[in-house]
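Survey of secondary and tertiary structure
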Amino acid sequence: MTSEHISVDDLLLAHAAGRLPEPVGLVVATHLALSPERQSVYREYEALGGAMLEDLRPAALSAGAFDRLLSRLDGEGDAIQVAAKPSPRATKGLAGKKAKRSAVDSSIPAPLRDYVDGHLDDLPWKHYGAVSEASLPLDETTYRVRLIVLKAGRSVPKHTHDGQEITVVLKGAFNDGIGRYGRGDISIADAHVDHQPMAEANEDCLCLTVTDAPLRLTGTFSRFLNPFLRF
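Okay, so let's go over this structure. (Residues numbered from 1 in each chain as written. Predicted model: local features only at pLDDT ≥ 70, side-chain atom pairs only at ≥ 80, totals over all residues. Heavy atoms only, no water.)

A closer look at the pattern of salt bridges
For the structure on display, the rule yields five salt bridges. D162 serves as the salt-bridge partner of R216, at 3.0 Å between the closest nitrogen and oxygen. A residue pair is termed long-range when its members are at least 10 positions apart, and R216 in strand β11 (residues 215-217) and D162 in the loop between β4 (159-161) and β5 (165-171) qualify at 54 residues. Assessed through its relative accessible area of 47%, D162 is described here as partly exposed. Among the ionic contacts, a cluster of salt bridges with common partners joins E133, R144 and R146. (Salt bridge = Lys/Arg side-chain N within 4 Å of Asp/Glu carboxyl O. Helix = DSSP H or I, 4+ residues; strand = E, 2+ residues; numbered from the N terminus. Buried < 20%, exposed > 50% of the residue type's maximum accessible area, 1.4 Å probe, protein only.)

Below, the structure written as C-alpha cells:
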C-alpha cells in the first residue's frame, strides 16, 4: 500500500491484474465472497486486462530470449506455486484440527478458512476493553493482518493512520462518522482520515483488517499513548 488515497475499485482492478500482495488480496477476495453484486464489476476488470493484453503489438525477441525465459521458469516455478497458496503458517496443523471438527463458523467466508481453520475460538485473541483482536498467520514484515471484534454499541479511540488501513466487515456493522459499513463492505483509511469507528448497538462487529503502519490516536488524552503503539 502507498500513502496515496485509493478506492475499492482501485483494489479490484489491481487484484484482477494480479498486483496485490497476499494480505491485501485476502481482503479483496473476502469482499468479493461476501458481495456477489461486486463480482460482475471484478469480471469486467479481468476482461479489460485481457483485452489490453490482446491489443499489445508483439515485439521482436533478442537472440536466446526464449531459452532465458525457460531457464527462469525452471528456477521460479516453485515460488510461483507457493505464492498462490496460503502461507505455511496458515496450513500448519490443519489436518489434525479438521479431523477433530467438521463444523465451520458461518461468519468465515471461504477465502479466510485456510487462515483460521473455520473456527474463531481457536485463534490467539487479545482483549482490550471494547476491542478484541487476533493476528492471522501471514508475514508481518510489511503488513499486519488481524481479525478484530468491536463490541456492540462501543467504539475505538479516535485515530488517524500513518499509512493505510483496509478493513472488510465480516459480521455486524460499524459507523465511523464518515460512512456506515456492513457485511462485505470495505473501509479504507489513511492519513487524510480521522475517525472513530463504533459498532452498531444490536450486534458485535467482526472485521478483517490489514495495516502497513501504526495508527495514531488523536483524542485529547489518548494521544499520549502513541509512543507505545505498533501497527
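Let's talk about the pairing of strand β3 (residues 144-150)
Of all the seven residues making up β3, seven are buried; the element is thus mostly covered by neighbouring parts of the structure. Because side chains alternate across β3, one face comprises the buried residues R144, R146, I148 and L150, and the other comprises V145, L147 and V149, equally buried. Relative to β3, strand β2 (residues 131-135) is paired through five bridges, and the arrangement is antiparallel. Within the sheet, the bridge partner assigned to S135 lies in β3 and is R146. Pairing between β3 and strand β10 (residues 205-211): seven bridges, direction antiparallel. (Pairing = 2+ DSSP bridges.)

Topic: the pairing of β10
The element β10 is extensively covered by neighbouring structure, given that seven of its seven residues are classed as buried. Where burial is concerned, the two faces of β10 agree: the one with C205, C207, T209 and T211 and the one with L206, L208 and V210 are both buried. Judged from the six bridges that link them, β5 and β10 form a sheet pairing that is antiparallel. Among the inter-strand pairings, I166 is bridged to a residue of β10, identified as V210.

Looking at the environment of N175
For N175, the position within the fold is in strand β6 (residues 174-175). In this structure, the C-alpha to C-alpha distance between N175 and A199, residues 24 residues apart in sequence, is 6.5 Å. If sequence neighbours within four positions are ignored, N175 has contacts with R180, Q196, P197 and M198. A distance of 2.8 Å separates a polar atom in the side chain of N175 from the backbone nitrogen of G177. (Contact = heavy atoms within 4.5 Å. Polar contact = N/O pair within 3.5 Å; in protein donor to acceptor, adjacent residues only side chain to side chain.)

Focus: helix α1 (residues 8-16)
Of all the positions in α1, only L11, L12 and A14 are classed as buried. For α1, the arc enclosing every buried residue in end-on projection is 165°, short of the 170-degree limit, so these residues lie on one face. The positive-phi residue at the C-terminal boundary of α1 is G18, with phi of around 70°. (Arc of directions from axis to C-beta.)

Some points on the sheet that holds β10
Taken together, six strands build an open sheet; the order of strands is β1-β2-β3-β10-β5-β8 and the sheet is antiparallel. Only two strands of the sheet have a single neighbouring strand rather than two, namely β1 (126-128) and β8 (186-189). Neighbour-to-neighbour, the strand axes of the sheet open up by a mean angle of 25°, direction not taken into account. (Axes fitted to C-alpha atoms, helices over the stretch in contact; angles between N-to-C directions.)

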